[in-house]
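# Summary of the model geometry
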Amino acid sequence: MRPPRRPIHVVTTWVRRQPPKVKAFLAVVAGMTALVFLRFIVHDHDNLFVAAEAVHSIGISVLIYKLMKEKTCAGLSLKTQELTAMFLAVRLYCSFVMEYDIHTVLDLATLATTLWVIYMIRFKLKSSYMEDKDNFALYYVAAPCAVLALLIHPSTAHYLLNRILWAFCVYLEAVSVLPQLRVMQNTKIVEPFTAHYVFALGVARFLSCAHWVLQVLDTRGHLLVALGYGLWPSMVLISEIVQTFILADFCYYYVKSVFGGQLVLRLPSGVV
């Protein structure tokens, strides 16, 4: 007699069998439910942005633990780390000249740890770096973001260069994880520490997206006006939503793997 299946297995099997349109609908419903939940339990929605930065830092800490304990960087994308360092450096500069608040301190800490990860991959653990799997061209990401930033940027009273740089880091952050997803797509098997790191990125992106969406709802749209006129306010929200949905599919399989008691995450074809 076969043992009864766990509820999580029943649900995931049912979801996997649904057509793409139904899966997309279920993802939207799940996202909206989570937003409503956060709106009622988190009174100061600015804390969501701080939480997003904190979760991102936790993800970096997981990477540091992996590099120091296992002495290998297999499965990690150097290019994603370089893109992360790039947008953090630009955002840190913009934060110094335009805002300077708690986010500046968090960005500085995250940038420092990201640079350390880059150093370890490039020099100390270079022999284990999967360069052939990390084959996503950086200019496919950086160049479109730069062009988009030149065309669509904030209309505030700051210097034009600072406004363009701010837009560039927003767009670059939204797609910086793509090289890491390409590595996982090429390997199909994701070891635990890398999976934990990418899942932390997914949670951080969702919290950041929730922060912006709830702020817009709380201010009844006035936040969009405060961000400026033209397409920029809409692009901020679109960037947050894009970076959330980029990682949504991976997070689904991560949660399924964790509840299934699997230490190593195996991705089906076409997941990322």
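Throughout, a residue's number is its position along its own chain's written sequence, starting from 1. Per-residue local features are limited, in this predicted model, to residues with pLDDT of at least 70; the limit for side-chain atom pairs, both in listing and counting, is 80 or more; totals at the level of whole chains, interfaces and linings are taken over all residues. Side-chain metrics rest on all non-hydrogen atoms present in the structure, leaving aside hydrogens and water.

As annotated in an unreviewed UniProt entry, the chain carries the name ER lumen protein-retaining receptor C28H8.4-RELATED and is attributed to Salix purpurea. Heading Subcellular location (unreviewed entry) of the UniProt record for the chain holds this comment: "Endoplasmic reticulum membrane". For the record of the chain, the UniProt heading Sequence similarities (unreviewed entry) holds the text "Belongs to the ERD2 family." UniProt positions are given in the numbering used here, feature names are shortened, and annotations may be inferred rather than shown by experiment.

### Thoughts on the environment of Ile-189
Think of it this way: any DSSP run of H or I at least four residues long counts as a helix, any run of E at least two long counts as a strand, and we number them from the N terminus. Structurally, the position occupied by Ile-189 is in strand E1 (residues 189-190). A residue is classified by how much of its surface remains accessible, and Ile-189, at 44% relative accessible area, is partly exposed. Taking the C-alpha atoms as reference points, Ile-189 and Gly-75, separated by 114 residues in sequence, lie 8.7 Å from one another. Classification of residues uses two cut-offs on accessible area relative to the type maximum, computed with a 1.4 Å probe and protein chains only: under 20% is buried, over 50% is exposed, and between them is partly exposed.

### Re the pattern of salt bridges
Salt bridges, as used here, are contacts in which a Lys or Arg side-chain nitrogen is within 4 Å of a carboxyl oxygen on Asp or Glu. This structure, assessed with the given rule, holds five salt bridges. Close ionic contact of Glu-70 with Lys-66 constitutes a salt bridge, the shortest N to O distance being 3.9 Å. You can see Glu-70 and its partner Lys-66 sitting in helix H3 (residues 46-70), four residues apart, about one turn around the helix. Using a relative accessible area of 1% as the deciding quantity, one classes Lys-66 as buried.

### Focus: a nonpolar patch on the surface
Together, Tyr-93, Phe-96 and Val-97 give the surface a local cluster of nonpolar side chains, amounting to about 280 Å² of exposed area. Mapped onto the secondary structure, Phe-96 falls in helix H4 (residues 78-98). Look at Phe-96 and you get partly exposed, because its relative accessible area is 45%. Patch members must show over 30% relative accessible area and no salt bridge, and they are joined within 9 Å when carrying like charges or within 5 Å when they are nonpolar side chains of Val, Leu, Ile, Met, Phe, Trp or Tyr. All accessible areas in this document rest on Shrake-Rupley with a 1.4 Å probe, and a residue is counted as covered only by the protein chains that are shown.

### Digging into helix H8 (residues 178-187)
For H8, the full list of buried residues reads Pro-179, Gln-180, Leu-181, Val-183 and Met-184. Just beyond H8, the residue with positive phi is Lys-188, at close to 70°.

### Some words on unusual backbone geometry
Phi is positive for Lys-71, which is not a glycine, with a value near 55°. Relative to the helices and strands, Lys-71 is located in the loop between H3 and H4.

### Here's the deal with the UniProt feature "transmembrane region" (unreviewed entry) in the chain
UniProt tags residues 24-42, 104-123, 135-152, 164-181, 193-214 and 234-255 as "transmembrane region" (unreviewed entry). Annotated as residues 164-181, this span is 89% helix and 0% strand, and its ends, taken at the C-alpha atoms, are 27 Å apart. Taken as a whole, residues 234-255 contains 100% helix and 0% strand, while its terminal C-alpha atoms sit 31 Å from one another.

### Comments concerning the packing of aromatic side chains
In summary, the pairing rule links any two rings of Phe, Tyr or Trp, Trp by its six-membered ring, whose centres are within 6.5 Å, and it sorts them by plane angle into stacked for under 30 degrees, edge-to-face for over 60 and tilted for everything else. Inspection of every chain in the model, using the stated rule, returns four aromatic pairs. Ring centres of Tyr-119 and Phe-123 lie 5.5 Å apart, and the angle between their planes is 40°; this geometry places the pair in the tilted category. Here Tyr-119 pairs with Phe-123, and both are found in helix H5 (residues 102-124), just four residues apart, close to one helical turn. The class of Phe-123 is exposed, set by a relative accessible area of 58%. Look at Tyr-139 and Tyr-140: their rings are 4.7 Å apart centre to centre, the planes differ by 70°, and that puts the pair in the edge-to-face class.

### Description of the packing of H4 against helix H7 (residues 160-175)
At a minimum axis separation of 9 Å, H4 and H7 run at an interaxial angle of 145°. Crossing angle aside, the handedness with which H4 passes H7 is left-handed. Residues Leu-83, Met-86, Phe-87, Val-90, Arg-91, Tyr-93, Cys-94, Ser-95, Val-97 and Met-98 of H4 form the contact with H7, whose own contacting residues are Asn-162, Leu-165, Trp-166, Phe-168, Cys-169, Leu-172 and Glu-173. Three classes are used, and their members are as follows: Ala, Val, Leu, Ile, Met, Phe, Trp, Tyr, Cys and Pro are nonpolar, Asp, Glu, Lys and Arg are charged, and the others, Gly among them, are polar. Its residues placed into classes, the contact of H4 with H7 shows 13 nonpolar, two polar and two charged. Between N-to-C directions, angles cover 0 to 180 degrees, with each direction set by a line fitted to C-alpha atoms, over the stretch in contact for helices. Left-handed describes a crossing whose near helix is turned anticlockwise from the far helix by less than a right angle; the clockwise case is right-handed. Throughout, a residue-residue contact means that at least one pair of heavy atoms, one from each residue, lies within 4.5 Å.

### Focus: helix H6 (residues 139-151)
Residues three or four positions apart in an α-helix share a direction because the helix packs 3.6 residues into each turn. To estimate how far a helix should reach, multiply one less than its number of residues by 1.5 Å. A rise of 1.5 Å per residue sets the reference length of H6, with its 13 residues, at 18 Å; its end C-alpha atoms lie 18 Å apart and thus fit the reference within 8%. Within the sequence span of H6, burial applies to Val-141, Ala-142, Cys-145 and Ala-149. Down the axis of H6, the buried set is contained in an arc of 85°. They therefore lie on one face. Projecting away from the buried face of H6 at angles above 90 degrees are the exposed residues Tyr-139, Tyr-140, Leu-150 and Leu-151. Each element contacted by the buried residues of H6 is listed here: H4 and H7. Each direction from the helix axis to a C-beta atom contributes to the arc, which is the arc of those directions.

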